Amino acid sequence: VAVVKMTKPERCILRVYYPTPFGSQVSIRGSGGGLSWDKGTPATYHADQTDSSHGWWELEVDVSGSRVEFKPLLNDDVWCKGANYITPTDKSSFDVYPFFFSEQGTLHHVHDYYSHILNNARTINIYLPPSYNENTYKRYPVLFMNDGHNLFESAGSYNGTHWHIADTMNWLCSCSAIQETIIVGVVPVSRVNEYLPTQMTHHMFGTGGGDAHKYFQFLLDELRPYLVDTYRTHRPLDHVGIAGSSFGGACALYGFLAFPDNFTVCGAYSPSLLWDGRLFFRLVHDDHHVRPGSARLYIDNGHPGDGFTTVGEMNELIWRKIHDEAWLGNLQYLRQTGWNQNHNEDAWAKRSPRALIHLLHDYNRVPWGMDDV
């Protein structure tokens, strides 16, 4: 068997993509590679040959000794937002998309978005990260979140309580704990029908369920193309994330299992796992798909109630599959318990920082200010 030895690059080209104001210069400060934190090294501008209005700033540094920490500056005066970047160990070039002035993301509301697949219309609430309107060169990953009416604002949310996802994302982005991500909050038309994959009669909800597969076809085949055409998402947007709570958490887990080539990130907050005779345990047990790249799975619950025992059983099943079957290849898995927390929006808001850090972690930054997580 031939063993291929990876060669560590000795030089790394740093490319800074930013729509620089006329007459401005990008410089880079840092440690290692000949850089200094006291004075910036000017980068060289390169115009895009296919579009003269676009370009990038470039600087080559020595990485033979160790990884280099650095930050771009405008005119060697204005530091970019967030924590330091750090060069990768296995690449000879590194592209970054900084921003220098913005601190808050923005919300867009798309009303009456019609689905031909589900034959209904709904509101889509979309969070755009802080750099979106400033660095127009940057494109973003997408995380779909169920119960989109409960994520961002009190108006229209359940009992007037929401998850404060916009505030949490702004904070985590400012600390560089996560990749800046477009959050797509999908407001349900019928939670039971859309979120659950099989139909059954429930003692609390009556007869319902069975449209979850069609719901995910709606997300992938109708809503995803709309997002790609309307916003600066990654292109192609092959891989997306899904998260939700309660029935919405069980729905997220179903999408992760049923559409492995598309949903590579899953956050299941307090998932309702006992639907249809422990259906979700059977789905996990029977899943043998190999995910592309590095999949991330997050499951949580409150304590002492909120499905603590049931989620504990699912946690044991997942770890057995990871250990015995190398399930999902390079799966990154986290289970979190919210002590003295109930099954409600306040609890999910409190657990969201740790969940989002796991699901959206940025391995090319050195996060700071995480003592409260």
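Criteria and cut-off values
- Residues numbered from 1 in each chain as written.
- Predicted model: local features only at pLDDT ≥ 70, side-chain atom pairs only at ≥ 80, totals over all residues.
- Heavy atoms only, no water.
- Pairing = 2+ DSSP bridges.
- Helix = DSSP H or I, 4+ residues; strand = E, 2+ residues; numbered from the N terminus.
- Axes fitted to C-alpha atoms, helices over the stretch in contact; angles between N-to-C directions.
- Buried < 20%, exposed > 50% of the residue type's maximum accessible area, 1.4 Å probe, protein only.
- Expected span 1.5 Å × (residues − 1).
- Bend = angle between axes of the 7 residues up to and from the residue.
- Phe/Tyr/Trp six-rings, centres within 6.5 Å; stacked < 30°, edge-to-face > 60°.
- Lys NZ or Arg CZ within 6 Å of the ring centre and 35° of its normal.

S.K.: Go over the sheet that holds strand β4 (residues 44-48), please, and point to the residues and values.
M.R.: Backbone-to-backbone hydrogen bonds pair the strands of a sheet. The strands run either parallel or antiparallel. Read across the sheet, four strands follow the order β4-β5-β1-β9 without closing on themselves; strand pairing throughout is mixed. Edge positions in the open sheet fall to β4 and β9 (93-96), since each of these has one partner strand only. Averaged over all pairs of adjacent strands, the angle between strand axes in this sheet comes to 30°, irrespective of strand direction. Bridging between strand β1 (residues 11-16) and β9 involves four bridges; their strand directions are parallel. Residue pairing across strands places Leu14 opposite Phe94, the latter belonging to β9.

S.K.: Can you break down the side chain of Asn146 residue by residue, with the values?
M.R.: Relative to the assigned elements, Asn146 resides in strand β12 (residues 142-146). Among the residues examined, Asn146 registers a relative accessible area of 2% and is labelled buried.

S.K.: Can you explain helix α3 (residues 212-230)? Please cite residues and give values.
M.R.: Given a rise of 1.5 Å per residue, 19 residues ought to cover 27 Å, and the 25 Å separating the end C-alpha atoms of α3 matches this to within 8%. For α3, the principal kink sits at Leu223 and spans about 40°; a proline, Pro225, occurs within the next four residues. For α3, every residue scored as buried is listed here: Ala212, Tyr215, Phe216, Phe218, Leu219, Leu220, Glu222, Leu223, Arg224, Leu227 and Val228.

S.K.: I'd like to hear about the packing of aromatic side chains, residue by residue, with values.
M.R.: As enumerated under the stated definition, the model contains 26 aromatic pairs in all. Joined through ring pairs, the aromatic side chains of Tyr113, Phe144, Tyr195, Tyr215, Phe216, Phe218, Tyr226, Tyr254, Phe259 and Phe263 make up one cluster. Sitting over the face of the ring of Phe281, Arg278 holds its NZ or CZ atom 4.0 Å from the ring centroid. Just above the ring of Tyr85 sits the side chain of Arg365; from NZ or CZ to the centre is 3.8 Å.

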